[in-house]
Every structure is written in structure tokens, then in C-alpha cells.
Amino acid sequence: MSSRRSSIDEEHEENHMDGDFEVEQDDGSRRQIRHQYRELMQNMQQNRDDMLSSRSNKLTDTLQAANQLFAEVFKPREAALDAQLLVLATNLGKEKASQLQADMTVFDPTSFAEDLLSFMGINRLENPDSDSEDEACAKGYLGADAWKKLGTEAEKYFKRTPTFHFMLGSFKTEPPIVRQKTDRQKRTSKVAEKKVMPAQLKKMEESHQEATEKEVERILGFLQTYFREDPDTPISFFDFVIDPNSFARTVENMFHVSFIIRDGFARIKLDQDKLPVIEPINQESGSQVDIDNQPRYQGVISLSHQDWKEIVDTFEITEPMIPPS
Amino acid sequence: MTQRRRGRPSLSQNTSRLQGGDMDMEEDVSFTQTLTQAQRNLEKHSPEQISLKVGELVQYLLIRDQKKLPIKRADIVKNVVKEYKDIYAELLLRAKKALLEVFGFQLEEIDTKAHIYILINTLERGEGDDLKVNDNTAKLGLLTVILSLIFMKGNTAKEVAIWETLRRLRVDPGERHEDFGDVKKLVTDEFVKQKYLEYNKVPHTDPPEYEFRWGPRAIKETSKLKILEFVSKIQQKDPKSWVTQYRDAQEIPRSQAPRASTSARS
């Protein structure tokens, strides 16, 4: 149809330029054409419902009639009427098309967005920036929790695993960023004190480490000696670590014994009275298990000064099994 | 070494489990050995060590899932499995079972070529379960809107069209958003890395235009039908009134069902 319409002007131009094609039409036949056009249009408007009905071909018939009529058209005045009829037919066609889809909804993002805003609890009366002329940004005030509200609804449609969080807060799941640290260290070491500080620190750490190691080995030596002397009597953990003369040394002993346990040289278990006993582990039997992948067990023992006193009295400890070095 | 005395019973299994010829074994071609070889490898490690490794693997998968980034097999091997590589398939199988039985999480391989995994919740959400509401909740809201637009527009959507709708929802790619920060980055980078969305240049466009599709995680975590239900609830319409989309959504279970039963073939 549109091609026909666009050709109207061309045709007329041609007609004017080329005399051979100029067809002389008398006013009578032109009036006749105009009359027929008007009749068709009137018919269309009066029988709207009939035209729109999906069972009738009236709209097509009318268009065909108009098409035949157009063969006779040579002047702009009649052509304008033809265009008018087309506009009318197009509007009817559009209405007919949307009626066809009445049982089937077409997705419209704009109305979806409006409905989403309603769901998110938009307050359409309040509008803080009322001079916003942007058409896309409709009027209304959206609350701070709007997206969370929508998200909470959205979660029902997902089989998403819930994320957990740490009960004591700030621990992050990703490892800390190392890069910054090394940069800073480099810079400071470049600036000054390259010689003195690292040397001192290293030495201190080493000596401290060595002292702990030595003490652990010394205590392990005692444990093994006691055990060798009397392999059948289990050694009470309390008897072993408690120094009746010093609470501080008792705590230190427990600290050092913890290394022995961790490294798998000894184990602590409960005897028939549910009291802890300690015994060394024969190293050869477990040596084929690589140390890195050994199962590790942890326990926490708390000992207050009061506890210490009570244990000393109850177990009648008079001498420390680990003599102070 | 056939029977175990201690260790976590839920994680421990007999080696005979392998004979089921599970799909994981089939998929992991490079890790697959003959049954006897696999059994021999299993016997190289003590049952305690194996169940310890499985525990580590479960923990690793749970932690990695926090950011909703997909988990690569290469990373699993590098960071957890290490020298147990020879029994990787069995470790993964047991970790998968533990995740399902203890947490109700399904370990899904979303890329069988690159071996990329994600976790899916198999448990139904209860009403008023009071799960924590945070920024991720808001982000899921935004994601759901985008997934809805893509699906309703016929499974692809032009980037410009997405932003046009989002602007109506006060979300502008050029502005910092209170909940989402850099929205453009969230949508075109984070959601894409998480495998919720696919973001590709439309071929033969200059200046380049981009379009969105659903990513594999979206397909696993939700479905066309679910998203259609969401849209229908928002627009207060019957899902069946969107005839084309409803038909499209119905096709999904049929095409997925045979895949699940014959997945060993892939």
C-alpha cells in the first residue's frame, strides 16, 4: 500500500512533464470518484463492528474496492481522499490486530517496570526531585529498602545456596591481599636501618625458638625416662605438669607439653577414673604416615590459680616431676 | 584396610562404591583409570587420610561458593587435592555426597569441558525462614529483573533495552547506586563472572552493541517457568496468558529430563 502511495506524487509529476500521458478527465467523472471514496469511508465508519469482526472480510473488501477506484485517479484531490481512506483502514487494522491478541498478553517492559515499582513500594505522591523532566524517570519516591524487598521475593524463585557468615563478624572468606604488604616492607627497608634491625630481630626470634625447643625436648626426655622406668603405671597428667611450688611454672609446663602432644610424641587420654593420663608414643609405628596429613586433635585445658591449689592438695603433690631448669 | 574403625561415618564409604560407574568418573577423562587402577590408588592412602581430604574438599567448596563464583577443577586440585590427584574422582564423588546429605547442596558441573562447578540448593525455601537480608538480596532482585527481561523478550535482550527499563527503576549505568555501587560493572562483569548472565557483542555492529542471555548458573538455579511465575506475580497475570513464553517455559523440563538420565554419555 505504501508503495502505491509514494508513487502518487511521481505519477503526477510525470503526467505534467510528459504530455502524452496527460489524460483529460472531465469534472463529472472526478466528482463521481470522490463520491465513491466518501461512500466507502462512510461505510467503514458506520459499520465499525462489522469491519472489526474476525469473521468478516469487510475491511479487505473495502480496500480492494478502493484499489480499483484508484486506477481512475489522476489528480491530487482524489489521491488525497485515497490517502484518507488508507489512514482509516490502517487504524481499523491495528484495532483488529490487538483484538486478536486479547487472549494472549504481550510483554511490555514499561508496564513491567511500573508494576515492579509498585511492588517495591513506590510512593507516587512524594517526589523529592520534582523538576526531573526525564520521561524515563517517572514520578514517585522509592524507599531505601525497595531492592531488598524485591530481592527477598526473588529468592523464592531461586535454588540458590544461602551464604553463611561468621558468628564473630569480621573474618573474611578471601585471603588478605599480600601485595601491599610486601611493597611497604621493601620501601621501609630501603629507607634506613637495613643493617641493625633485621639482624637483631632474627637473633631474638632464633634464641626464643631454641629455648622453647630445648625445653620441650627436656620435658619429653623426663616423660620418656619416667615411662621407661615404670611402663605399666600410667603417668597422671596433673602429676606430670604441676609444680606445687609455682603456678607460673605449671602453666609453662602445660604449654611445653602441648607441643609434645601436637607433634605426636605423646598422647593424653582418660583413665578409668576419667582423669587425664599422659604416655609417650612409640615413634616407629607411626612413621610411615606423612606428618602434614596426620589427623590433628585439639583440646583446651583451662587452669586457674584456684584449680592449681586444689589439684596440689587433692593429688598431694609435693615435688615437681619436671624440675625447674 | 577394608573396614574402618573411626572417622566420620557419613563421609566414609567402601571402595565398592566405585563400581557404580558414576557420571563423575565418566566425565573426568584425564582422571579416569581402570577400576582396578583406581582401587589400587585408593589403597595407597589410609581411610583416615581420605576422609580427612574429603572434609577439606567439602569445606573448600562451601567457602568458594560464598562469592557465587564458579569453581574450577584446576583450582580444586591445586588448592586442596594436591598429591591426592590420583584419586580425585573418588574424592569429588564423596564430597558431592556429603554436600548433598549434610547441607542439601547439589554439586553441578556447568561446563563439562573446562570442568567448572557450582553449588545448588536442593531444599525448598520455607515461608518466613528469616534468612539474612543483605546487599546480595538486593542484587538478586536486580538480577531477577534482568533475567525476566531477557526471557520475556525471547531469550536475548539488547543492552540498551535493559538499561532503558532499569532507568525507570532508578538504576542508571552512569550513576552510583545506593545498593549496587557501580551498576554497570555489577551487571556486565560480576553477574557475568558468576555465570548468571552472558554478555556478548552483537556481530557486525559498529559502534558495537551488546546483548544479554541467561548464563548457565541462572539455568541451574532457576528456570524459565519460575521466572515467568515471577513476572506473572509482579504483573498480576496468569502465567498462561503469556502464550509464547509459557510454551517456551514448558519445553525446558522435557529437554532437560533425558539429559539427566543419560548424562553419563556426555
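Remember, it's a predicted structure, so these values are computed and weren't measured experimentally.

Student: Summarise the overall build of chain B; cite the residues concerned and give the values.
Tutor: For chain B, the count of helices and strands is eleven helices and eight strands. In chain B, buried positions account for 48% of the 266 residues. Only carbon and sulfur atoms are counted for the fraction: they give 49% of the accessible area of chain B, which is about 13,800 Å².

Student: An account of the pairing of strand 2 (residues 266–270) of chain A is needed here, citing residue identities and associated values.
Tutor: Residues and elements named next belong to chain A. In this structure, strand 2 lies alongside strand 3 (residues 276–280), joined through five bridges in antiparallel fashion. Its bridge partner lying in strand 3, Arg267 is registered against Glu279. What sits between strand 2 and strand 3 in their antiparallel hairpin is a turn of five residues, with Lys274 showing a positive phi close to 60°.

Student: Explain the sheet that holds strand 8 (residues 210–214) of chain B to me, and be specific about the residues and the numbers.
Tutor: Strand-to-strand pairing in sheets goes through backbone hydrogen bonds, with the strands running parallel or antiparallel. Residues and elements named next belong to chain B. Reading across the sheet, the three strands line up as 4-8-7 and stay open at both edges, with antiparallel pairing between neighbours. With partners counted over all chains shown, the strands left at the sheet margins are strand 4 (157–158) and strand 7 (197–201), one partner each. When strand 7 meets strand 8, the two strands line up antiparallel, connected through five bridges. Its bridge partner lying in strand 8, Glu198 is registered against Arg213. Taken strand by strand, helix 8 (residues 183–193) contacts strand 7 and strand 8, and its axis lies near 110° from that of strand 7.

Student: Explain the sheet that holds strand 1 (residues 235–236) of chain A residue by residue, including any values.
Tutor: All names here are of chain A. Read from one edge of the open sheet, three strands run 1-3-2, paired in antiparallel fashion. Among the strands making up the open sheet, the edge pair consists of strand 1 and strand 2. Bridge analysis of strand 1 against strand 3 gives two bridges, and the strand direction is antiparallel. Among the inter-strand pairings, Ser236 is bridged to a residue of strand 3, identified as Val277. In the packing of helix 11 (residues 247–262) onto the sheet, the strands contacted are strand 2 and strand 3, and the crossing angle to strand 2 comes to about 100°.

Student: Outline the environment of Thr244 of chain B, listing residues and values.
Tutor: Residue and element names in this part refer to chain B. Inspection of the secondary structure assignment puts Thr244 in helix 11 (residues 243–261). Looking at Thr244, the relative accessible area reads 52%, which means it is exposed. Thr244 sits 92 residues away from Met152 along the chain, and the two C-alpha atoms are 9.0 Å apart.

Student: Got a sec to walk through the pairing of strand 8 of chain B? Specific residues and values, please.
Tutor: Two faces belong to every sheet, and in a regular strand the side chains alternate between them. Alignment of strand 4 of chain B against strand 8 of chain B, held across two bridges, turns out to be antiparallel. Within the sheet, the bridge partner assigned to Lys158 of chain B lies in strand 8 of chain B and is Glu211 of chain B.

Student: Any chance you could break down the packing of aromatic side chains for me, citing the residues and the numbers?
Tutor: Any two aromatic rings considered together are summarised by their centre-to-centre distance and by the angle between their planes. Taken as a whole and judged by the stated rule, the model has 14 aromatic pairs over all chains. Ring centres of Phe222 of chain A and Tyr226 of chain A lie 6.4 Å apart, and the angle between their planes is 25°; this geometry places the pair in the stacked category. Here Phe222 of chain A and its partner Tyr226 of chain A are both found in helix 9 (residues 196–229), four residues apart, which amounts to about one turn of the helix. Here the aromatic cluster, defined as three or more aromatic residues joined through ring pairs, consists of Phe107 and Phe112 of chain A together with Trp242 of chain B. Sitting over the ring of Tyr196 of chain B, Arg217 of chain B keeps its end group 5.5 Å from the ring centre.

Student: Go over helix 7 (residues 159–168) of chain B with me, naming the residues and quoting the values.
Tutor: With seven of its ten residues buried, helix 7 of chain B lies for the most part within the structure. By the burial criterion, the buried members of helix 7 of chain B are Glu159, Ala161, Ile162, Trp163, Thr165, Leu166 and Arg168 of chain B. Those residues of helix 7 of chain B that are buried are in contact with helix 6 (109–119) of chain A together with helix 6 (135–152), strand 4, helix 8, strand 7 and strand 8 of chain B.

Student: Residue-level account of the environment of Met44 of chain A, with values.
Tutor: Residue and element names in this part refer to chain A. Counting through the fold element by element, Met44 comes out in helix 2 (residues 27–46). A relative accessible area of 1% places Met44 in the buried class. Taking the C-alpha atoms as reference points, Met44 and Thr62, 18 residues apart in sequence, are found 7.9 Å from one another. Contact partners of Met44, with chain neighbours within four places excluded, come to Met51, Leu59, Thr62, Leu85, Leu88, Ala89 and Leu92.

Student: Tell me what's going on with helix 12 (residues 305–314) of chain A, and back it up with residues and numbers.
Tutor: Residues and elements named next belong to chain A. Looking only at helix 12, the buried set comprises Trp308, Ile311 and Val312. The buried residues of helix 12 occupy an angular sector of 100° when projected down its axis, which confines them to one face. The exposed set on the far side of helix 12, more than 90 degrees from its buried face, consists of Asp313 and Thr314. Lining the buried residues of helix 12 we find helix 10 (237–241) and helix 11. Once helix 12 finishes, Glu316 follows within two positions and takes phi at roughly 50°, a positive value.

Student: Tell me about the nonpolar core, and name the residues and values.
Tutor: Grouped together as the largest cluster of nonpolar side chains are 48 residues, with contacts concentrated most on Trp147 of chain A together with Leu142 of chain B. Counting only elements with at least two residues in this core, the list comes to helix 6 and helix 7 (146–155) of chain A together with helix 6, helix 7, helix 8, strand 8 and helix 10 (224–235) of chain B. In terms of residues, this core owes the most to one element, helix 6 of chain B, which gives eleven residues. If sequence neighbours within four positions are ignored, Trp147 of chain A has contacts with Met120 of chain A together with Thr137, Ala138, Gly141, Leu142, Val145, Leu169, Val171, His177, Asp179 and Phe180 of chain B. Counting residues in hydrophobic clusters, the runner-up holds 25 residues, among them Leu62, Val80, Leu91 and Leu99 of chain B.

Cut-off values and rules
Residues numbered from 1 in each chain as written. Chains lettered and ligands numbered in written order. Predicted model: local features only at pLDDT ≥ 70, side-chain atom pairs only at ≥ 80, totals over all residues. Heavy atoms only, no water. Helix = DSSP H or I, 4+ residues; strand = E, 2+ residues; numbered from the N terminus. Buried < 20%, exposed > 50% of the residue type's maximum accessible area, 1.4 Å probe, protein only. Areas by Shrake-Rupley, 256 points an atom, 1.4 Å probe, with all protein chains shown as cover. Pairing = 2+ DSSP bridges. Contact = heavy atoms within 4.5 Å. Axes fitted to C-alpha atoms, helices over the stretch in contact; angles between N-to-C directions. Phe/Tyr/Trp six-rings, centres within 6.5 Å; stacked < 30°, edge-to-face > 60°. Lys NZ or Arg CZ within 6 Å of the ring centre and 35° of its normal. Arc of directions from axis to C-beta. Core = buried A, V, L, I, M, F, W, Y, C linked by side-chain atoms within 4.5 Å.

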